[in-house]
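Structural overview for review
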Amino acid sequence: MRESMYSALFGAMSNEMRLNTIANNLANVNTTGFKKDAYAFHDTFQRFAHDYLPDDRVSVRDKEIWPRAYVMARPRLSNEYSDQSQGGLQVTGNPLDLALVGKGYFKVRTPDGDMLTRSGSFQLGADGQLITEQGYEVLGDGGSTVTLPRDNKIEIDANGRVTADGVQLSQLDLVDVSDVRFLEKQGKNLYRIQPGSPAQEIPAEEIAVQQGYLEKSNVEIVSEMVNMMEAQRAFEISQKLMTTTDSMESLVINKVGQIS
């Protein structure tokens, strides 16, 4: 009965994490450029002392003195990662709204260092600098801030070249990551490469900038709702199993205690 309790506990903990992930995805369904979180499973193995004492020599003993090795596996959520698939495009007509089509990120400067983002909902700051909704500076020309005039016609082409009335002012820094598995979310739709990881920033080659558009979240509401119902039912089953196991163990303990 102990094993059923442990299995139910593992199942409940796994589905609790699934529910938290799904809830966060649904909460950001309308967040510009948001990339949904996904998860993966792996087997957690439980070993016993006799698993490490194999001895098949017949000369030592003629019959087994240890039970056969018995390794028990229980599934657990092993990894949570960001699904970087393309989101749909939404027309806004705002010349400072930019959407990325393909693999890559805008680069912005924050108090915690340079970060990456897919959200292209930009605006002009007090000094004419191109900034994000949170006030972070958008970078261009290899790490410089992008400053734009207020009364000129701003055009940004597919390669990220910024012009005002036909005069080029800047080139947006569009970068990709050699291995997106090492990207970690920092909140506010920002990413950074995990410190110490082998991933590096690389030039974004297969990418195009769409002016007057925004990239929508890649969260699919119907799929996430189905996943939520599935995880909730699985959690309830695990909870019921723990309750039933506890009742059975209490019954056995009470019955054994009555034996004289």
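Preceding block: the structure.
Residues numbered from 1 in each chain as written. Predicted model: local features only at pLDDT ≥ 70, side-chain atom pairs only at ≥ 80, totals over all residues. Heavy atoms only, no water.

Digging into the overall build of the protein
Along the protein, the regular secondary structure elements total 2 helices and 19 strands. Partitioning the intrachain contacts of the protein with sequence separation of at least 6 by distance along the chain shows that 67% fall at a separation of at least 24. (Helix = DSSP H or I, 4+ residues; strand = E, 2+ residues; numbered from the N terminus. Contact = heavy atoms within 4.5 Å.)

As for the side chain of Thr 117
For Thr 117, the position within the fold is in strand 6 (residues 113-117). With relative accessibility at 2%, the residue Thr 117 sits in the buried group. Engagement of the side chain of Thr 117 in a polar contact is seen with the backbone nitrogen of Ser 119, the distance being 3.1 Å. Residues in contact with Thr 117, not counting those within four places in the same chain, are Tyr 105, Phe 106, Val 108, Asn 189 and Leu 190. (Buried < 20%, exposed > 50% of the residue type's maximum accessible area, 1.4 Å probe, protein only. Polar contact = N/O pair within 3.5 Å; in protein donor to acceptor, adjacent residues only side chain to side chain.)

Digging into the sheet that holds strand 13 (residues 167-171)
Read across the sheet, 3 strands follow the order 11-12-13 without closing on themselves; strand pairing throughout is antiparallel. At either end of the open sheet lies a strand with only one pairing partner, and these are strand 11 (154-156) and strand 13. Pairs of neighbouring strands in the sheet enclose a mean axial angle of 25 degrees, with direction left out of account. As judged from the 4 bridges shared by strand 12 (residues 161-164) and strand 13, these two strands associate in the antiparallel manner. Bridged to Ala 164 within strand 13 is Val 167. (Pairing = 2+ DSSP bridges. Axes fitted to C-alpha atoms, helices over the stretch in contact; angles between N-to-C directions.)

Some remarks on the pattern of salt bridges
Taken as a whole and assessed by the stated rule, the structure comprises 11 salt bridges. For Asp 114, the salt bridge goes to Arg 109, with nearest N and O atoms at 2.9 Å. Salt-bridge contacts for Glu 215 lead to Arg 118; the nearest nitrogen and oxygen are separated by 3.0 Å. One end of the pair, Glu 215, is in strand 19 (residues 213-215); the other, Arg 118, is in the loop between strand 6 and strand 7 (123-124), with 97 residues separating them in the sequence. For Arg 118, a relative accessible area of 3% translates into the label buried. Where salt bridges share partners, they join Lys 35, Arg 118 and Glu 215 into one cluster. (Salt bridge = Lys/Arg side-chain N within 4 Å of Asp/Glu carboxyl O.)

Observations concerning the side chain of Ser 170
Along the chain, Ser 170 falls in strand 13. Note on Ser 170: relative accessible area 4%, which makes it buried. A polar atom in the side chain of Ser 170 sits 3.2 Å from the side chain of Asp 141. Excluding residues that lie within four positions of it along the chain, Ser 170 makes contacts with Gly 140, Asp 141, Val 146, Gly 160, Arg 161 and Val 162.

Quick notes on a nonpolar patch on the surface
A cluster of nonpolar residues, Val 222, Val 226 and Met 229, forms a patch on the protein surface that exposes about 300 Å² of accessible area. With respect to the secondary-structure elements, Val 222 resides in helix 2 (residues 221-258). (Patch = residues over 30% accessible without salt bridge, like charges linked within 9 Å, V, L, I, M, F, W, Y side chains within 5 Å. Areas by Shrake-Rupley, 256 points an atom, 1.4 Å probe, with all protein chains shown as cover.)

Observations regarding the nonpolar core
By size, the foremost hydrophobic cluster in this structure holds 22 residues, and its most contacted members are Leu 98, Phe 106, Leu 130, Leu 148, Ile 156, Leu 172 and Leu 174. Among the elements of the structure, strand 4 (98-102), strand 5 (105-110), strand 11, strand 12 and strand 18 (207-211) are those that each provide at least two residues to this core. In this view, Phe 106 contacts Leu 98, Leu 100, Met 115, Leu 116, Thr 117, Arg 118, Ser 119, Gly 120, Phe 122, Leu 172, Asp 173 and Leu 174; residues no more than four positions away in its chain are not counted. Ranked by size, the runner-up nonpolar core spans 7 residues in total, among them Tyr 105, Val 177, Leu 183 and Ala 199. (Core = buried A, V, L, I, M, F, W, Y, C linked by side-chain atoms within 4.5 Å.)

Focus: unusual backbone geometry
Phi is mostly negative for residues that are not glycine, and the peptide bonds are mostly trans. Even without being a glycine, Asp 141 presents a positive backbone phi close to 55 degrees. You can see Asp 141 is positioned in the loop between strand 9 (137-140) and strand 10 (144-145). One non-glycine residue with positive phi stands out, namely Asp 165, at about 55 degrees.

Here we look at the environment of Ala 99
Here Ala 99 shows up in strand 4. The residues touching Ala 99, leaving out its near neighbours within four places in the chain, are Leu 89, Ala 208, Val 209, Gln 210, Tyr 213, Leu 214 and Glu 215.

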